[in-house]
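Close look at the chain arrangement
Given next are the chains, with one letter for each unit.
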Amino acid sequence: MRKIKEILSVLEEMAPLAYAEDFDNVGLLVGNQETEATGVLVCHDALENVIEEAIAKKCNLVVCFHPILFSGLKKITGKNYVERSIIKAIKNDIAIYAVHTALDNHQDGVNKIFCDALGLINTKILIPKSNFIRKLVTYTIAENAMQVRNALFEAGAGKIGNYEDCSFNSKGIGTYMGNEQSNPEIGERFEFVESEEIKIEVTFEKHLESKILKALFTNHIYEEVAYEIYDLQNQHQNIGLGMIGELPAEIDEVAFLTLVKEKMSADGIRHSAFRGKKIKKVAVLGGSGSFAIKNAIQAGADAFLTADLKYHQFYEAENQLILADIGHFESERYTKNYIVDFLRKKILNFAIILSEENTNPVKYL
C-alpha cells in the first residue's frame with residue numbers, strides 16, 4: 001500500500017508548490033498525508049458531485065486543479081457549495097490536493113498544454129517569474145572544490161535555461177586565524193594562514209535553499225564554512241505565467257478562431273475587432289488573464305487567448321492584436337488529462353482515475 005504522502009511527492013515533482021503565486025492556496029487542503037491511499041481521482045474542481053464520484057470509485061485522494069478552499073472559512077455549516085464539499089470529504093476520509101498556479105507557472109504545465117493543443121511551436125514563457133533566483137558564493141581549497149560543486153549540482157543548483165551544472169570558479173587567497181576552540185583543517189590554532197582557495201558561484205531556485213546549504217555543509221572540508229547568498233533580479237525564463245508561440249503557418253483571423261474553437265472545444269468565443277491581418281504569433285494564458293494583455297502586445301503577439309475578459313478590457317487590444325476570451329474552463333480543459341497521464345507514468349499498478357464529472361459552471365445556448 002502507498003501512503004498519500006508518496007503520491008503528493010510525485011505531484012510536487014510535476015508542479016512544485018514553490019512555483020505557485022503568493023495569493024494562491026495550493027497543496028494538501030483536506031486530509032492526512034499519512035493515510036494509506038486507496039485511489040486517486042483527478043478533476044478540475046473538487047465539487048460535491050466529484051467527492052461523491054470519489055466515494056463511488058473508492059478513491060480517498062482527490063487531485064483538483066482549482067483549490068476548493070481559496071479564502072478562509074470561519075464556519076463550516078454546509079450553507080454553500082464549498083462548505084458542502086469540505087464536509088462530505090471530511091466525513092468520508094477523502095483528502096483534497098490542489099495544484100492551480102503551481103502548474104500554471106510550470107514550463108510544461110497549463111499554458112504549454114494550451115499551446116500544444118493549438119499546435120504552436122517555438123514556445124516560451126510570456127511573463128517570466130521574478131524574485132525567484134538566488135546565488136550562492138562559497139570558498140574552499142582546490143582539492144575539495146569538485147566535491148562541493150558536484151554536491152551543489154546534485155541538490156539542484158547550477159541550472160540556467162537549457163543548461164545544468166553551471167558555475168563560475170576563480171582562484172584567490174583566503175586568510176584566517178583560529179582561536180583556542182578552533183580545529184583548522186589547514187594550519188594550527190593561533191596561526192595566521194594564507195591558503196590558495198577556489199571561489200565557487202552557483203545560482204539556484206530559492207525554494208531549494210535549505211537543500212543547497214545542507215549539501216554545502218555536508219561536503220565542505222572546513223570546520224567553518226564561509227558562504228554568501230544573494231537575491232538576484234534576473235527573471236526565471238522557464239517559470240512564469242502565460243506562454244507565447246507560433247503557428248506553423250500564418251492563417252487569417254476567422255480561420256484562426258475557428259481552429260481555436262475546434263481544438264479547445266469552445267462553445268463560444270468573444271473577441272475584439274478583426275484587424276484584417278494574418279495570425280502567426282499567438283500568446284495564451286489559461287484562466288483569468290486580462291492582466292497580461294500588455295505583455296502579449298509587448299511580445300508582438302498577433303492574438304492573445306485567455307478568459308474572463310470584461311467589456312472595457314477588449315478596448316485594450318488597441319488594434320495591435322486580437323483579444324479572444326474562449327472561456328475559463330475551456331482554456332484549462334486538458335489540464336486534468338495531463339495530471340492523470342503524469343501520475344500514471346510515475347505510479348504504476350495503482351488506481352489513477354480521470355473524473356467524468358463536468359464541473360464547468362458556464363453554460364451556452
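Everything that follows concerns the structure shown earlier in this document.
Residues numbered from 1 in each chain as written. Predicted model: local features only at pLDDT ≥ 70, side-chain atom pairs only at ≥ 80, totals over all residues. Heavy atoms only, no water.

Moving on, we get to unusual backbone geometry. Even without being a glycine, N131 presents a positive backbone phi close to 55°. With respect to the secondary-structure elements, N131 resides in the loop between β7 (121–129) and β8 (133–140). Phi at D165 takes a positive value of approximately 60°, unusual for a residue other than glycine. Locating D165 in the fold gives a position in the loop between α6 (142–154) and β9 (168–176). Under the relative-accessibility criterion, D165 is labelled partly exposed at 47%. (Helix = DSSP H or I, 4+ residues; strand = E, 2+ residues; numbered from the N terminus. Buried < 20%, exposed > 50% of the residue type's maximum accessible area, 1.4 Å probe, protein only.)

Further remarks concern the nonpolar core. Grouped together as the largest cluster of nonpolar side chains are 28 residues, with contacts concentrated most on L11, V40, L61, I339 and L343. Tallying contributions element by element places helix α1 (residues 4–14) first for this core, with six residues. Sequence-distant contacts of I339, defined by excluding residues within four places in its chain, comprise L11, M14, V42, V63, V99 and L103. Core analysis: the second largest hydrophobic core is formed by 22 residues, F114, L118, M243 and I269 among them. (Core = buried A, V, L, I, M, F, W, Y, C linked by side-chain atoms within 4.5 Å. Contact = heavy atoms within 4.5 Å.)

Turning our attention to the sheet that holds strand β10 (residues 193–205). The four strands are arranged β9-β10-β8-β11 in an open sheet whose pairing can be described as antiparallel. Edge positions in the open sheet fall to β9 and β11 (227–231), since each of these has one partner strand only. Put simply, the sheet's adjacent strands are angled 25° from each other on average, direction ignored. The strands that α6 touches are β8, β9 and β10; relative to β10, the one it contacts most, it runs at about 10°. On top of the sheet, helix α7 (residues 209–219) reaches β8, β10 and β11; it is set at about 160° to β11, its chief contact. (Pairing = 2+ DSSP bridges. Axes fitted to C-alpha atoms, helices over the stretch in contact; angles between N-to-C directions.)

It is worth spelling out the pattern of salt bridges at this point. Under the definition given, this model contains 14 salt bridges. The residue K346 makes a salt bridge to E13 at a minimum N-O spacing of 2.9 Å. Here K346, found in helix α11 (residues 335–346), pairs with E13, found in helix α1; they are 333 residues apart in sequence, far enough to count as distant. K346 sits in the partly exposed class, given a relative accessible area of 45%. For E13, a relative accessible area of 44% translates into the label partly exposed. The salt bridge partner of E48 is R84, with a shortest N-O separation of 3.5 Å. Residue E48 is located in helix α2 (residues 48–56), and its partner R84 is located in helix α3 (residues 81–91); the two are separated by 36 residues in the primary sequence. Given a relative accessible area of 33%, R84 falls into the partly exposed group. Within this structure, K3, K5 and E34 form a network of salt bridges that share partners. (Salt bridge = Lys/Arg side-chain N within 4 Å of Asp/Glu carboxyl O.)

Okay, the packing of α2 against α3 next. Contact geometry of α2 with α3 gives a least axis separation of 8 Å together with a crossing angle of 15°. Considering the angle they form, α2 stands roughly parallel to α3. Note that α2 runs across α3; the crossing there is left-handed. From α2, E48, I51, E52 and I55 reach across to α3, where they touch R84, S85, K88 and A89. (Parallel < 35°, antiparallel > 145°, perpendicular 65-115°, else oblique. Left-handed = near helix turned anticlockwise from the far one by under 90°.)

Let us look at the pairing of strand β14 (residues 279–288). Extensive coverage of β14 is indicated by the burial of seven of its 10 residues. In terms of strand pairing, strand β12 (residues 236–251) meets β14 through five bridges, oriented antiparallel. The residue of β14 that forms the bridge with E246 is K281. Sheet analysis places β14 next to strand β15 (residues 303–307), joined by four bridges and oriented parallel.

What follows is about the packing of aromatic side chains. As enumerated under the stated definition, the model contains six aromatic pairs in all. Seen in terms of ring centroids, F217 and Y227 are 5.5 Å apart; in terms of plane orientation they differ by 65°. Their pairing is edge-to-face. Of this pair, F217 sits in helix α7 while Y227 sits in strand β11, placing them 10 residues apart in sequence. In this structure F217 comes out as partly exposed when scored by relative accessible area, which is 41%. Here Y338 and F342 contribute two aromatic rings whose centre-to-centre distance is 6.4 Å and whose plane-to-plane angle is 35°, an arrangement assigned as tilted. Of this pair, Y338 and F342 are both found in helix α11, four residues apart, which corresponds to roughly one turn of the helix. Of the residues examined, Y338 reaches a relative accessible area of 22% and is grouped as partly exposed. Residue F342 is classed as buried on the basis of its relative accessible area of 17%. (Phe/Tyr/Trp six-rings, centres within 6.5 Å; stacked < 30°, edge-to-face > 60°.)

A word on the side chain of N144. In this structure, N144 sits in helix α6. Excluding anything up to four places from it in sequence, N144 contacts N219, H220 and I221.

Our next topic: a nonpolar patch on the surface. On the surface, M177, F190 and F192 cluster together into a nonpolar patch covering about 370 Å² of accessible area. Relative accessible area serves as the criterion here: at 53%, F192 is assigned to the exposed category. (Patch = residues over 30% accessible without salt bridge, like charges linked within 9 Å, V, L, I, M, F, W, Y side chains within 5 Å. Areas by Shrake-Rupley, 256 points an atom, 1.4 Å probe, with all protein chains shown as cover.)

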